[in-house]
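Fold and geometry: a report
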Amino acid sequence: MPPRLSHPAHATPAVPSRSSRPGCPIPLIPPRLSHPAHPAPAVPSRSSRPGCPIPLIPSRLSHPAHPIPAPRAGRGRRLREPLPARSRRAPRAMAAPVVARRCGRVAGLWGGLRRAPLPPRRRAHEQPRRARGAGGLLAAQCERGLFQEVFPAQSAEEQLPALLAPGRPPLAAYCGFDPTAASLHVGHLLPVMALLHFQRAGHDVIAVVGGATARLGDPSGRERAREPLPAGTVRAHARALRAGLERLFQNHRELFWNPGAGRLGRAELLDNASWLGREPLLRFLGGAGGRLRMGTLLSRQSCQARLRSADGMSLAEFLYPALQAYDFLHLHQHHGCRIQLGGHDQMGNIMSGYELVTKMTGTDVFGITVPLITSTTGDKLGKTAGNAVWLNRDKTSPFELYQFFVRQQDNVVEKYLKLFTFLPLEEIAHIMEMHAKEPEKWGPQKRLAAEVTKLVHGREGLESAKRCTKALYYSSVEALEEMSDLELQELFRQAPSAELMLEPGMSVLDLCRKANAIPDGPSGYQKITDGGVSINGNRVTNPETVLILGQHILKNGVSLLRVGKKNYYVIKWLQL
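Here's what I pulled together on the structure shown here. Since we're looking at a predicted model, the values are computed, not measured. (Residues numbered from 1 in each chain as written. Predicted model: local features only at pLDDT ≥ 70, side-chain atom pairs only at ≥ 80, totals over all residues. Heavy atoms only, no water.)

1. A word on a nonpolar patch on the surface
The condition is simple: Each patch is built from salt-bridge-free residues with over 30% relative accessible area, joining like charges within 9 Å and nonpolar side chains (Val, Leu, Ile, Met, Phe, Trp, Tyr) within 5 Å. Residue-level accessible areas treat just the shown protein chains as cover; the underlying method is Shrake-Rupley with a 1.4 Å probe. Each reported salt bridge corresponds to a side-chain nitrogen of Lys or Arg within 4 Å of a carboxyl oxygen of Asp or Glu. Under the DSSP-based scheme used, a helix requires at least four consecutive residues in state H or I and a strand at least two consecutive residues in state E, with every element numbered from the N terminus.
On the surface, M294, L298 and L307 cluster together into a nonpolar patch covering about 260 Å² of accessible area. Locating M294 in the fold gives a position in helix α9 (residues 294-299).

The structure is reproduced here in structure tokens:
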């Protein structure tokens, strides 16, 4: 058979003659054409495989770090063309569980985090497992689902275990929070939890309030530009966010941390207005601006989506990733920060920060993303979507926050226990086992609500939420008597209130009419006789019943009047 036609630059290898292969009935088939820079692998000779009637087929090319398994005996594989070599590979993100498994194997930690009945045996050449460190932190949070992606994947896999190993100096990690509102919300809790887990592992954390970047507005995940905020409003919001973050770190330190467990990392609160506000424009553009590539910024998915929209994208929004990248550079140079944390929608901005820091300092830095919390319809929880559950008490009471988590469905409650609490995985598994036996008790939901409410509002906030729950849903007179005026206002935020003087012989009908809770005339009278009115959780059917202290009027001078199923009226009695 004549050889295939070939180009002079890509000559087909010579076909070995039959005389060179004694006993072979047919000549060898030449390999496929190949480029000089990427020659096809040589075909092994038959003499290396005695008794083989046909030549061996070379295996597929594989990456050194990810070799392809050898084919099973008796099965051939098609010869595939070699892949072109790449002289330079761009950094990429890797799903955090993949990195965790590899880092865990390096540090000898991953197997110990599984809930196995027996610990895995250790070979003689392996080092003992350590209780804390990068592998433990990374693997544990990936198993909980808190860490979603790590960037860049290869550097993180190779360096993070050593950088965060016990005995090494603590590493610094940061996360930013733009003060677009006067309060954090539930969507911000997961980045805060990531900071707290780093702190619990002995590392230093920095929470950055974006007093400067909030003036521009982050375009990530948005269909249109944010409404610009006045400078005074941004400063007021920044103060409120700073106070909210301080409260979270303080509650964690006082209520969730055991001082005997080791070093709790230092927590620091900063405002990027303190450095971005003093940075001259020309120096910023000539320094950081000269290192960031337009093509990279334009290729971001958020940027592409906005550029295709009808409104387009403003220059201020386009420069937002550059300012956030400069935050990373500033924190790295002045605070030794090497890890940036953020929501999953912040990966593009994190990549820009990585690019700027590595180009200007030559130091490897890393980014870690956490999941986004969504509603049952799949919408991201937040101010923009109008479904925010706030962390400040004046916006969302402890009772409302508690009820938000109590109402979570069974299909997400285990996931939320892992994300929003510090409970060990073994305890969470036990809680879910008990729930499978007694689902009517809503045990996981109540534990989740209690842990989150205690972190956000402290022990007193949790007690307040439980009192309100007993008063509203269990008609507990004792809980009503213990409630403060603030709790009554929070619990019945939309309910009308009235201040009345108790007159001798005052009846239930008089109370309802003075509070404007029932219409005048026979219809209002019949509303009571039909059982549509209750006072302090007790139904009243006789309109002429005289009000009695301790029964209709509680010890704290309050009566809770309900007409129908959902119409509440808070009555405050004067001069009892």
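What follows continues from the structure just given.
2. Looking at the packing of aromatic side chains
For any two aromatic rings, the description comes down to two numbers: the centre-to-centre distance and the angle of the planes. Where we set the bar: Any two rings among Phe, Tyr and Trp, with Trp reduced to its six-membered ring, count as a pair given centres within 6.5 Å; such a pair is stacked if its planes are under 30 degrees apart, edge-to-face if over 60, and tilted if neither. Here's how the labels work: a residue is buried when its accessible area is under 20% of the maximum for its type, exposed when over 50%, partly exposed in between, all with a 1.4 Å probe on protein chains only. By definition, being over a ring means that NZ of Lys or CZ of Arg is both within 6 Å of the ring centre and within 35 degrees of the ring normal.
As enumerated under the stated definition, the model contains 10 aromatic pairs in all. Aromatic side chains F284 and Y326 sit 5.6 Å apart centroid to centroid with 75° between the ring planes, which places their arrangement in the edge-to-face category. In this pair, F284 sits in helix α8 (residues 281-291) while Y326 sits in helix α12 (residues 320-335), placing the two residues 42 residues apart along the sequence. A centroid spacing of 5.1 Å and a plane angle of 40° characterise the contact between F492 and Y568, whose relative ring orientation is tilted. Remark: Y568 occurs in strand β12 (residues 567-574) and F492 occurs in the loop between α19 (485-491) and β8 (497-501); sequence separation between them is 76 residues. The exposure class of F492 is buried, given its relative accessible area of 7%. A connected cluster of aromatic rings, assembled from ring pairs, spans F404, F405, Y416 and F420. Cation over ring: K395 sits above W390, and NZ or CZ is 4.8 Å from the ring centre. Above the plane of the ring of F256 lies K454, whose end atom (NZ or CZ) is 5.1 Å from the centre.

3. Looking at the sheet that holds β8
Stated formally: We treat two strands as partners when DSSP finds at least two bridges between them. Note on method: axes are straight lines fitted to C-alpha atoms, helices fitted across the in-contact stretch only, with angles between N-to-C directions ranging 0 to 180 degrees.
If you walk across this open sheet you meet the 5 strands as β8-β12-β11-β9-β10, and the pairing is mixed. At either margin of the open sheet sits one strand with a lone partner, and together these are β8 and β10 (538-540). Taken over all neighbouring pairs, the strand axes of this sheet differ in orientation by 30° on average, direction set aside. Where strand β9 (residues 533-535) meets strand β11 (residues 558-563), 3 bridges bridge the pair, whose relative direction is antiparallel. The partner of I535 across the bridge, within β11, is L561.

4. What to know about the nonpolar core
The criterion, for reference: In this description, a nonpolar core means a group of buried Ala, Val, Leu, Ile, Met, Phe, Trp, Tyr and Cys residues linked to one another through side-chain atoms lying within 4.5 Å. When checking whether two residues touch, look at their non-hydrogen atoms; a contact exists if any pair is within 4.5 Å.
One finds F177, F198, I339, L341, F405 and F420 to be the most contacted residues of the largest nonpolar core, which totals 67 residues. Per-element accounting of this core gives the leading share, 9 residues, to helix α5 (residues 186-200). Apart from the residues lying within four places of it in its own chain, the contact partners of I339 are L160, L171, A172, A173, Y174, F198, F328, F366 and I368. Counting residues in hydrophobic clusters, the runner-up holds 25 residues, among them Y174, A212, A288 and L329.

5. As for the environment of I350
Along the polypeptide, I350 turns up in helix α13 (residues 347-361). Judged by its relative accessible area of 1%, I350 is buried. In this structure, the C-alpha to C-alpha distance between I350 and P321, residues 29 residues apart in sequence, is 8.3 Å. Beyond its immediate sequence surroundings of up to four residues, I350 is in contact with Q340, G342, G367, I368 and T369.

6. Re helix α16 (residues 425-437)
Definition in use: Expected span, for any helix, means 1.5 Å times one less than how many residues it has. Working note: the arc is built from the helix axis to C-beta atom directions.
The first and last C-alpha atoms of α16 sit 19 Å apart over 13 residues, in line with the 18 Å expected at 1.5 Å per residue. Burial in α16 covers these residues: L425, I428, A429, I431, M432 and H435. Along α16, the residues classed as buried sweep out an arc of 160° about the axis, all on the same side.

7. Examining the pairing of strand β7 (residues 366-370)
On a regular strand, each side chain points to the face opposite its neighbour's, so the side chains alternate between the two faces of the sheet. For clarity, the cut-off: Crossover handedness is defined by viewing with both strands directed away from the observer: a clockwise path from the first strand over the helix to the second marks the crossover as right-handed.
The element β7 is largely enclosed, with a buried count of 5 among its 5 residues. Taking every second residue as pointing to the same face, both faces of β7 are buried, with F366, I368 and V370 on one and G367 and T369 on the other. Where strand β2 (residues 149-151) lies against β7, 3 bridges are found, and the strand directions are antiparallel. Bridge pairing links V150 to I368 in β7. With 5 bridges joining them, strand β6 (residues 337-343) and β7 adopt parallel strand pairing. Each bridged residue has a counterpart across the sheet, and for I339 the counterpart in β7 is F366. Following the backbone out of β6, through α13 and into the adjacent parallel β7, one traces a crossover that is right-handed.

8. Some points on the pattern of salt bridges
Overall, the coordinates contain 13 salt bridges when judged by the stated rule. The salt bridge involving K359 is made with E355; its shortest N-O contact spans 3.0 Å. One end of the pair is K359 and the other is E355, both in helix α13 and 4 residues apart, which spans about a single turn. The class of K359 is partly exposed, set by a relative accessible area of 43%.

9. A closer look at the pairing of β8
Here β8 shows a clear split, with A498 and L500 buried on one side and none of S497, E499 and M501 buried on the other. Note: β8 against β12, 5 bridges, orientation parallel. Bridge assignment links A498 to a residue of β12, and that residue is I571.

10. Re the environment of W442
Its place among the elements puts W442 in the loop between α16 and α17 (443-473). Owing to a relative accessible area of 35%, W442 belongs among the partly exposed residues under this scheme. As for W442 and V406, which are separated by 36 residues in sequence, their C-alpha atoms are 7.9 Å apart. Beyond its immediate chain neighbours, meaning those up to four positions away, W442 contacts V406, Q408 and H435.

11. Comments concerning the packing of α12 against α13
Stated precisely, the cut-off is as follows: Reported orientations rely on four angle classes, namely roughly parallel under 35 degrees, roughly antiparallel over 145, roughly perpendicular from 65 to 115, and oblique for the rest. Note on convention: the crossing is left-handed when the near helix lies turned anticlockwise from the far helix by less than a right angle, right-handed when the turn is clockwise. Polarity classes work like this: nonpolar for Ala, Val, Leu, Ile, Met, Phe, Trp, Tyr, Cys and Pro, charged for Asp, Glu, Lys and Arg, and polar for all others, with Gly in that last group.
It is at 8 Å that the axes of α12 and α13 come closest, and there the two elements cross at 50°. Here α12 is positioned oblique relative to α13, judged by the angle of their axes. As for the relative orientation of α12 and α13, their crossing is right-handed in sense. Facing α12, whose interface residues are Y320, P321, Q324, A325, Y326, F328, L329, H332 and Q333, α13 presents N349, S352, G353, Y354, L356, V357, M360 and T361. Split by residue class, the contact of α12 with α13 holds 10 nonpolar, 7 polar and no charged.

So, to be careful, I would describe these as geometric facts and stop short of saying anything about function.
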